[in-house]
Structures are given as structure tokens and as C-alpha cells.
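Survey of secondary and tertiary structure
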Amino acid sequence: QRIRRQIAQDLGLLVPAVHLRDNLRLQAGEYRIMMRGEEVAKGKVIPRQTLAINPGDAKGQLKGIDVKDPVFGLDAHWIPDKQRIQAQARGYTCVDVPTVLTTHLTEILHQYGFELFGRQELADILDRVQEENPRLIEELIPDPLSRGAVLRIFRNLLREGVSIRDAQTILEAMADRADRVTDPDALTEFVRQRMARHLTHRYADEEGTIHYIGLGRDAEERISESLHGGEKGAINLTLSPDDARTLLIGLRDATDEWRGQNEVVVLCPPLARGPLRKLTEKVIPRVSIVSPAELLPTVRLERVGVVSMSA
């Protein structure tokens, strides 16, 4: 129940009840997370032990079972509970078995929760907004946008961890542009720009600073040259395989080097944001791609890395 409340607060997504079932085919301590009957994640825990995770700067080795953190893939060790204080003193993050399980489930819901948002969930949102602003829904659906297109835009937002709680603002942003642009992915970009306050607060640290990895001038030029317009306002990125590989490796290495407490984002030109996200989502799925047009002009930006196309 606590996890479902957290997802509703973070994303505005109402998650169905989570069911726990025994599976005798699994080994002791193993677990699987299923969604719509398909496995989306798995892991293994050791009862009555603590998982000591190395965030990257822990000092010294621990005596225990070497594993990878099931959520973020960091080096970790299962250790006896009595070693917890010693591990914490060395800089390890220590979590108990229930926390490992709930953290993994929460991360999976953030990552795949968009799949749980279907036509019924969209209908509930549209009914709620229609009570307050019936003209908005009448002017938007089914012309110029079908319900399927609107559903895809909401799913696009959830897929990147953007909250859909303020559904009226999201729908108003669609309506403002739908007379000229009807491609759902392109409209998603305009919706994100309307949600600048939400996105700025999400990525900024407690001091109001967003740490970002920038693109070198050569990388921006190569990307700009490879952007092409499509039907209904769509924008496509057609980098050569070599350029795409160089860019992806550079972004992955730059984000791996980040050791700050807060989230780091990749900052890119507005027109390139959506296509670049599609290119990177399988390589660095947890790293957000953001454009200046999606951020409040008052936010402080601090560059912590640059990605270049040159060797």
C-alpha cells in the first residue's frame, strides 16, 4: 500500500494491487517481479543478512557474499547483520531484505508503470477533467486528436517519469498545438515544455541547481544535421551507426563518472530532445534527457561533463 501511494504521488499513476505468491520452482531467496503475466525483473536475497552496497566511494573490502545490487547493478555484499555498523563506517549503504524488495519493486513500477496506463485509466482522467472543463475535451477529442494519440502522449510522459497528476495542464498543452502538430511524440515535447515548473523541481537539488552533462559543439552540430522532419510534425534523428555508437558510449561513460548525490541529466537542444531520448533509452534508461525549453529560466545549471564526437 505504501508503494502504491508513493507511485500515485510521484507519477499520478494508480497502480493495481500487488499480489504475493509462492513459487516452489524458485531457489531459496529468489524472487521474480511479474507484470501482466511476464517477468520484468528478478533477484535474490539472503534472509537475516544485510546488503551492503558500494555507492562508488566506499573504502575497504567486506567479508561476505559478493553480488550486484539488483536495482542499480552496483557492487554489493551480503553480510551478517553484526557487520552493519562497520560497513556503514566505511561508506557502504546498508539495507535490509524488506527494503531491497520494496526498492526493487518501486524502481520497476517507475520504469514500467506506463504499461499499466491503459484506455480505462485515460477515460477516468478525461471524465474528471470534463467535469471541470468540458469545452477542453470537446475541442480536443476525437478531432484533432484520437483517444489513441492522447493515450500515447500520457504514456510517453510516464515512460520518462513525468507526473500526469496535472492532467488539465497536459490536455491544454495538447489543445494549443494540435491544430498544427498531431504526431503524439512531437506533441509530447510541447507538453513537457508546458510542465517546466514540475520538471525543474524534479531535477534540481536542494540548492536549486541542476547538474548536467552537455554536448560539445561538434556533437550538437552532428545531431542538428541529422534531424529531419516527418509527417504530422514528427522529427527523426538519423545519425550514422558510427556517430550513434560514439555518442552513446560518450554519454554512458559521462553518466557513469557522476558521483554526486543528486540526479544528473543530459542537456540538449529542444528539437533534438525527443529523438535523442529514443536513441539513448536502452543504453542509459535511467538518465533523463532534458532541453533548456523544459526548465524555468531562473534555475541554476552546473555542467559536470561534456560529450564530444571527436576521439
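Described below are features of the structure shown in this document. Since the model is a prediction, treat every value here as computed from it, not as a measurement.

**Comments concerning the packing of helix α11 (residues 241–256) against helix α12 (residues 270–280)**
- In the contact formed by α11 and α12, the axes pass within 11 Å of each other and the chain directions differ by 80°. By the angle between their directions, the pair α11 and α12 is classed as roughly perpendicular. For the pair α11 and α12, contact is made by A244, L247, L248 and L251 and by L276, L279 and T280, respectively.
- When the residues that make up the contact of α11 with α12 are grouped by side-chain class, the tally is six nonpolar, one polar and no charged.

**Considering the pairing of strand β5 (residues 75–80)**
- Inspection of the sheet shows strand β3 (residues 49–53) paired to β5 by five bridges, in the antiparallel sense. Within the sheet, the bridge partner assigned to T50 lies in β5 and is I79.
- Across four bridges, the pairing between strand β4 (residues 65–68) and β5 is antiparallel. Bridge assignment links I65 to a residue of β5, and that residue is W78.
- A loop of six residues connects β4 with β5, the two strands running antiparallel in sequence, and G73 in this loop sits at a positive phi of about 75°.

**Notes on the layout of surface pockets**
- Its boundaries defined by the atoms lining it, the second largest pocket holds a volume of some 1100 Å³.
- Lining the second largest pocket are 27 residues, and of these V18, H19, L20, R32 and M34 lie nearest its centre.
- For the lining of the second largest pocket, the leading source of residues is strand β1 (residues 30–35), giving six residues.
- Of the residues belonging to the lining of the second largest pocket, the class tally is 17 nonpolar, five polar and five charged.

**As for helix α6 (residues 147–159)**
- With 13 residues, α6 extends 18 Å between its outermost C-alpha atoms, agreeing within 8% with the 18 Å of an ideal straight helix rising 1.5 Å per residue.
- Taken residue by residue, α6 has A149, V150, L151, I153, F154, N156, L157 and L158 as its buried positions.
- In this structure, the buried residues of α6 make contact with α1 (2–11), α3 (97–112), α4 (119–132), α7 (167–177) and α8 (184–194).
- Among the residues trailing α6, G161 stands out with phi positive, at a value near 75°.

**A short note on the pattern of salt bridges**
- Per the stated rule, a full pass over the model turns up 18 salt bridges.
- Residues R32 and E39 are paired through a salt bridge, measuring 3.4 Å at the closest nitrogen-oxygen approach.
- We classify E39 as partly exposed; its relative accessible area is 37%.
- A salt bridge links R245 to D242; the shortest N-O distance between them is 2.9 Å. Placement of the pair is R245 and D242 together in helix α11, with a separation of three residues, close to one helical turn.

**Examining the packing of aromatic side chains**
- What the rule picks out here adds up to one aromatic pair.
- An angle of 25° between the planes, with centres 5.6 Å apart, marks the rings of F117 and F154 as stacked. Placement of F117 in the loop between α3 and α4 and of F154 in helix α6 is noted, with a sequence separation of 37 residues between them. Take F117 and F154: they sit in the same class, and that class is buried.

**Describing the nonpolar core**
- Residues F117, F154, L171 and M174 are the most contacted members of the largest nonpolar core, which totals 62 residues.
- With seven residues, the single largest contributor to this core is α6.
- Apart from the residues lying within four places of it in its own chain, the contact partners of F117 are L13, L122, I125, L151, F154, R155, L158 and I164.
- Membership of the second largest hydrophobic core comes to 19 residues, among which are V266, L276, I284 and M309.

**Quick look at the sheet that holds strand β11 (residues 288–290)**
- Read from one edge of the open sheet, four strands run β11-β10-β7-β12, paired in parallel fashion. Because the sheet does not close on itself, it has two edges, and the strands there are β11 and β12 (300–307). Here the strands of the sheet are splayed against their neighbours by 40° on average, with no regard to which way each runs.
- Pairing of strand β7 (residues 209–215) with β12 involves seven bridges; the strand directions are parallel. In the strand pairing of β12, Y212 is matched with R303.

Procedures and definitions
Residues numbered from 1 in each chain as written. Predicted model: local features only at pLDDT ≥ 70, side-chain atom pairs only at ≥ 80, totals over all residues. Heavy atoms only, no water. Axes fitted to C-alpha atoms, helices over the stretch in contact; angles between N-to-C directions. Helix = DSSP H or I, 4+ residues; strand = E, 2+ residues; numbered from the N terminus. Parallel < 35°, antiparallel > 145°, perpendicular 65-115°, else oblique. Contact = heavy atoms within 4.5 Å. Nonpolar A, V, L, I, M, F, W, Y, C, P; charged D, E, K, R; others polar. Pairing = 2+ DSSP bridges. 1 Å grid on protein atoms, 1.4 Å probe; cavity = no way out; pocket = protein on both sides within 12 Å on 5 of 7 lines; lining within 4 Å. Points joined across faces, edges and corners; volume = space filled by probe spheres on them. Expected span 1.5 Å × (residues − 1). Buried < 20%, exposed > 50% of the residue type's maximum accessible area, 1.4 Å probe, protein only. Salt bridge = Lys/Arg side-chain N within 4 Å of Asp/Glu carboxyl O. Phe/Tyr/Trp six-rings, centres within 6.5 Å; stacked < 30°, edge-to-face > 60°. Core = buried A, V, L, I, M, F, W, Y, C linked by side-chain atoms within 4.5 Å.

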